[in-house]
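Structural characterization, general
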Amino acid sequence: MQRFHVITGAGATASRTARLLADDGERVRMVSRKGAGPEHPLIERVAADASDTARLVELLDGADHLINCAAPAYHLWPAEFPALAASLLEAARRTGTPYVMLGNLYGYGLVEGPITPDLPLRAKGPKGRVRADIWESAAASGAQVTEVRAAQFYGAGVVSVFSLMVQPQVLAGALALVPQPLDVPHSYSAVGDTARTLVAATRDERVWGRAWHVPTVTHSVRELATRLAEVAGVPEPRLDLMNDRDIALLALTDAFWSELNEVLVKPGRPFVVDYSETEEVLGVKPSPVEDVLAEAVHAS
């Protein structure tokens, strides 16, 4: 029997997830405000607001899973994310639809040592608390729910510090100013690996009631930028650490930049993700870094 999934959101991760499912012969309904998404015979694109619970309940009729990849604009998380998350959770509860949430690592706050999915969510900043509260509410709701948590994205089509502030500058041979330590190990998730983890979560009954980490590669910013330059055949990258004044000036042009202090200006400690359970249980491994970077170069 053909499976049917509803995906909320239409960004890079949502689109990649929809394509993986559709290419496997499974039907997908993508729900976003603009009705966007990839073209595929098995992908239906619907324009709707996921914060409209009644409409979302209608769209979930007959669905095997709800997969949420939607989120408000970055600087609006504290104001708008709780209502969106509550609507998604309520729709899943009313319909009894198993619910796979895309999350990230903000909820953990500062962590000493490797970040494992069983760690308590102790973030103190507003965006970290939003992420923690969303998961804690879902886990306590009685719904059949799991959360797939990705690290900072890299690769084609993603929005992250690396994709915005490093990748274009390296490819153009320009100086890249970066708001995180340049030589400290940091874990990154490829968008394709994130999508594969979301898909794997719909196919294994062991996922429910807990979180799973997307597989990562761990490099310093300088190491990842150097590998990007090698893949692209461009000169060695020029990098410098961004200071508070640089960020303040950028914040005058876009509210996104004013939000970086909470999650990126950290002490100079490694940020390393443990994804061993995802690999062992769900069978998802990180893609080769050169393949992910080559895709990003090709899409640039």
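Before reading on, note that the structure itself is shown above.
Read on for a plain summary of the structure. Since the structure is predicted, the reported quantities are computational estimates derived from the model, not experimental observations.

Conventions adopted
For every chain, the first residue of the written sequence is number 1, and numbering continues from 1 along that sequence. For a predicted model such as this one, the threshold for reporting local features is a pLDDT of at least 70, and the threshold for listing and counting side-chain atom pairs is 80 or more; totals across whole chains, interfaces and linings nevertheless cover every residue. For the side-chain quantities, the full set of heavy atoms in the structure was used; hydrogens and water were omitted. Helix and strand assignments come from DSSP, with helices taken as H or I runs of at least 4 residues and strands as E runs of at least 2, each series counted from the N terminus. One less than the residue count of a helix, multiplied by 1.5 Å, gives the span that helix is expected to have. Here's how the labels work: a residue is buried when its accessible area is under 20% of the maximum for its type, exposed when over 50%, partly exposed in between, all with a 1.4 Å probe on protein chains only. The arc refers to the directions leading from the helix axis to the C-beta atoms. Should DSSP find at least two bridges between two strands, the strands are regarded as paired. The convention used is that axes are lines fitted to C-alpha atoms, helices contributing only their stretch in contact, and that angles between N-to-C directions extend from 0 to 180 degrees. In this analysis, two residues are considered to be in contact whenever any of their non-hydrogen atoms come within 4.5 Å of each other. In plain words, nonpolar cores are sets of buried Ala, Val, Leu, Ile, Met, Phe, Trp, Tyr and Cys residues tied together by side-chain atoms within 4.5 Å. Classification of ring pairs rests on two measures: the distance between centres of Phe, Tyr or Trp rings, Trp counted by its six-membered ring, which must be within 6.5 Å, and the angle between planes, read as stacked under 30 degrees, edge-to-face over 60 and tilted in between.

1. What about helix 8 (residues 221-232)?
For an α-helix, the turn length of 3.6 residues means that residues three or four places apart are oriented alike. Spanning 12 residues, helix 8 covers 16 Å between terminal C-alpha atoms, matching the ideal 16 Å at 1.5 Å per step. When helix 8 is considered as a whole, its buried residues turn out to be Val221, Leu224, Ala225, Leu228 and Ala229. One face of helix 8 carries all of its buried residues, which in axial projection span an arc of 140°. Of the residues one or two after helix 8, Gly233 is the one with positive phi, at around 70°.

2. What about the sheet that holds strand 6 (residues 145-150)?
Taken in spatial order, the seven strands line up as 3-2-1-4-5-6-10 in an open sheet, and their pairing is parallel. Two strands lie at the open edges of the sheet, namely strand 3 (43-47) and strand 10 (211-213), each paired on one side alone. Between one strand axis and the next, the sheet turns by 20° as a mean value, whatever way the strands run. By the bridge criterion, six bridges tie strand 5 (residues 99-104) to strand 6 in an arrangement that is parallel. Note on strand 6: the bridge partner recorded for Tyr99 is Val145. Lying on the sheet, helix 1 (residues 12-23) is in contact with strand 1 (4-8), strand 2 (27-32), strand 3, strand 4 (65-68) and strand 5; it crosses strand 2 at an angle near 165°.

3. Considerations on the nonpolar core
Within the largest apolar cluster, 37 residues are counted, with the highest numbers of intra-cluster contacts made by Val6, Leu60, Leu66, Leu88, Tyr99 and Met101. Counting residues per element, the ones that place at least two in this core are strand 1, helix 2 (53-59), helix 3 (77-95), strand 5 and helix 4 (126-139). Looking at this core element by element, the count peaks at eight residues for helix 3. Non-local contacts of Tyr99, meaning those with residues more than four positions away in its chain, are made with Leu66, Asn68, Leu88, Leu89, Ala92, Gln144, Val145, Thr146 and Trp208. Phe153, Val199, Trp212 and Val214 belong to the second largest nonpolar core, which has 27 residues in total.

4. Description of the environment of Gly107
One can find Gly107 in the loop between strand 5 and helix 4. The class of Gly107 is buried, set by a relative accessible area of 4%. With 23 residues separating them in the primary sequence, Gly107 and Val130 have C-alpha atoms 7.7 Å apart. If near-sequence neighbours (up to four positions away) are discounted, Gly107 is found in contact with Leu121, Arg122, Ala123, Gly128, Arg131 and Ala132.

5. As for the environment of Arg210
Position of Arg210 among the secondary structure elements: in the loop between helix 7 (191-201) and strand 10. Judged by its relative accessible area of 25%, Arg210 is partly exposed. Separated by 61 residues in the primary sequence, Arg210 and Arg149 place their C-alpha atoms 11 Å from one another. Ignoring anything within four residues of it in the chain, the contact list for Arg210 reads Pro117, Trp135, Val145, Thr146, Glu147 and Glu277.

6. Here's the deal with the packing of aromatic side chains
Under the definition given, this model contains six aromatic pairs. With 6.2 Å between their ring centres and 70° between their planes, Tyr154 and Tyr188 make a pair best called edge-to-face. You can see Tyr154 sitting in strand 7 (residues 152-154) and its partner Tyr188 sitting in strand 9 (residues 186-190), a full 34 residues away along the chain. Using a relative accessible area of 1% as the deciding quantity, one classes Tyr188 as buried. Each member of the aromatic cluster is reached from another via a ring pair, and the members are Tyr74, Trp77, Phe81 and Tyr106.

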